[in-house]
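Report on the structure
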Amino acid sequence: MDPLDRIDRQLLQRLQDGIAVEQRPFRAIARDLGVSEEIVIARIQRLLDNGTLTRFGPLFNADKMGGAFCLCAMAVPAARFEAVAGMVNGFPEVAHNYERAHRLNMWFVLACEEPDRIETAVVEIEAATGLAVLRFPKEAEFFVGLRVPTHASSPDTAEARQAEGREAFI
Amino acid sequence: MTRLDPADRALVAALQDGLPLDADPWPVVAERAGLPVETVMARLTAMQETGIIRRIAALPNHYRLSLNANGMTVWDVDDDTVDALGEKIGALEFVSHCYRRPRRLPDWRYNLFAMVHGIDRAEVEAKAAEIARLLGLASRAGDILYSVRILKKTGLRIAA
């Protein structure tokens, strides 16, 4: 990956705060960074292409849309890991999937519009992979809303919590 | 998806792969969603107000930035005290989220999950030790599951 220059870093910071729903939304960012709107857009595209950004767009709060969610885990044999990841990721209901260092090495979140679909998706994934899927629906949530960064050296900490945390781990 | 009407659904579907990178993206969204641009802008504003959209922003891949260690800490906590202790753990400023989930014996004994992010594993371990201290004897065992790799990250998909 190309190293990030000063403008990239300023842009990342600005883009995490979000853009307004207004005409020419990149114009204000361009002005603040002292570059053209075209450069802002081209740099966002580059940060997406090189994997620095996972996504740029509306961050939806799935809870508020009324869907159903379930954290699931599987113990996948190492030799089959990539093939099984492909099968699991092929299900549109799989919103996030993480490889974790544990005997249960694949952890994914099913996000479905209809609650009944969670169960049938699990059955289909088990049938496709031949592996057991353990279900970990949330039974209680413990959360205090206001967060501050842990330390100055990682200004993206709070953002990462909000952005990844609340969505990736429903 | 009870809380979205057809126009909202069309908008979510049009935007779930991201915002078009155009100097004026809203007409492009309008075209994709089959809605007038005024409706697109009004509804996106309304969805931000109701919290369906948190914000229109960039999601950094923090594996590529400095936040390299992501540890799912898991604990086997007394059923009688898990909720009270969960509130305490969830209130720790370094815990991004904390849930009680079912045990799956014999495969899985842990019923409290707390996600911790850090610059490296040593930092995650120090934070896990702090959680362990707070849980005290109520926790019989704990573990940290580090994420090795993101295999997929798309968020909720809805049909157009």
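Model, not experiment: these values are computed from the prediction.

Concerning the packing of aromatic side chains
Counting across every chain of the model gives eight aromatic pairs over all chains. Centre to centre, the rings of B:W108 and B:F113 are 5.9 Å apart; their planes meet at 35 degrees, and the pair counts as tilted. When sorted by exposure, B:W108 lands in the same class as B:F113, which is buried. Through pairs of rings, three or more aromatic residues link up here, namely A:W107, A:F136, B:W108, B:Y110 and B:F113. The positively charged end of B:R101 is found above the aromatic ring belonging to B:F113, 5.2 Å away from the centroid. Against the face of B:Y146 rests B:R121, its NZ or CZ located 4.0 Å from the ring centre.

A closer look at the pattern of salt bridges
Under the defined criterion, the tally for this structure stands at 22 salt bridges over all chains. Across the pair B:R149 and A:E82 runs a salt bridge, and its minimum N-O distance is 2.8 Å. You can see B:R149 sitting in strand 5 (residues 139-153) and its partner A:E82 sitting in helix 5 (residues 81-89), one on each of two chains. Of the charged contacts in the structure, one is a salt bridge between B:E123 and B:K127, with a shortest N-O distance of 2.8 Å. Here B:K127 and B:E123 lie together in helix 5 (residues 121-135), a separation of four residues that amounts to about one turn. The exposure classification of B:E123 matches that of B:K127, with both residues buried. When salt bridges that share partners are traced, they join B:D76, B:D78, B:D79, B:R103, B:R109 and B:R140 into one network.

Remarks on the sheet that holds strand 3 (residues 94-100) of chain A
Spatially, nine strands are ordered 5(A)-2(A)-4(A)-3(A)-5(B)-2(B)-4(B)-3(B)-6(A) in an open sheet, and the strand pairing comes out antiparallel. At either end of the open sheet lies a strand with only one pairing partner, and these are strand 5 (134-136) and strand 6 (140-142) of chain A. When strand polarity is set aside, the average angle formed by the axes of neighbouring strands in this sheet is 30 degrees. Pairing analysis gives five bridges linking strand 3 (residues 95-100) of chain B to strand 4 (residues 112-118) of chain B, with the strands arranged antiparallel. Bridged to B:Y99 within strand 4 of chain B is B:F113.

Digging into helix 1 (residues 6-17) of chain A
Residue and element names in this part refer to chain A. Taking 1.5 Å per residue, 12 residues should reach 16 Å; helix 1 reaches 17 Å between its end C-alpha atoms and fits that length. Regarding helix 1, the residues found buried are I7, D8, L11, L12, L15 and Q16. In an axial view of helix 1, the angular spread of the buried residues amounts to 160 degrees, which keeps them on one side of the axis. Projecting away from the buried face of helix 1 at angles above 90 degrees are the exposed residues R6, R9 and D17.

Let's talk about the packing of helix 1 of chain A against helix 3 (residues 37-49) of chain A
Residues and elements named next belong to chain A. It is the contact of helix 1 with helix 3, at a shortest axis distance of 11 Å, that shows an interaxial angle of 85 degrees. Judged on the interaxial angle alone, helix 3 and helix 1 are roughly perpendicular. Across the interface between the two elements, I7, D8, L11, L12 and L15 of helix 1 pack against V40, R43, I44, R46 and L47 of helix 3. For the contact of helix 1 with helix 3, a count of residues per class yields seven nonpolar, no polar and three charged.

A word on unusual backbone geometry
For the bond running from B:L105 to B:P106, omega is 5 degrees, close enough to zero to count as cis. Within the fold, B:P106 resides in the loop between strand 3 and strand 4. Even without a glycine there, the phi angle at A:R24 is positive, about 50 degrees. Structurally, A:R24 can be placed in the loop between helix 1 and helix 2 (27-33). Given the relative accessible area of 33%, A:R24 is considered partly exposed.

Reading the values: the criteria
Residues numbered from 1 in each chain as written. Chains lettered and ligands numbered in written order. Predicted model: local features only at pLDDT ≥ 70, side-chain atom pairs only at ≥ 80, totals over all residues. Heavy atoms only, no water. Phe/Tyr/Trp six-rings, centres within 6.5 Å; stacked < 30°, edge-to-face > 60°. Buried < 20%, exposed > 50% of the residue type's maximum accessible area, 1.4 Å probe, protein only. Lys NZ or Arg CZ within 6 Å of the ring centre and 35° of its normal. Salt bridge = Lys/Arg side-chain N within 4 Å of Asp/Glu carboxyl O. Helix = DSSP H or I, 4+ residues; strand = E, 2+ residues; numbered from the N terminus. Pairing = 2+ DSSP bridges. Axes fitted to C-alpha atoms, helices over the stretch in contact; angles between N-to-C directions. Expected span 1.5 Å × (residues − 1). Arc of directions from axis to C-beta. Parallel < 35°, antiparallel > 145°, perpendicular 65-115°, else oblique. Contact = heavy atoms within 4.5 Å. Nonpolar A, V, L, I, M, F, W, Y, C, P; charged D, E, K, R; others polar.

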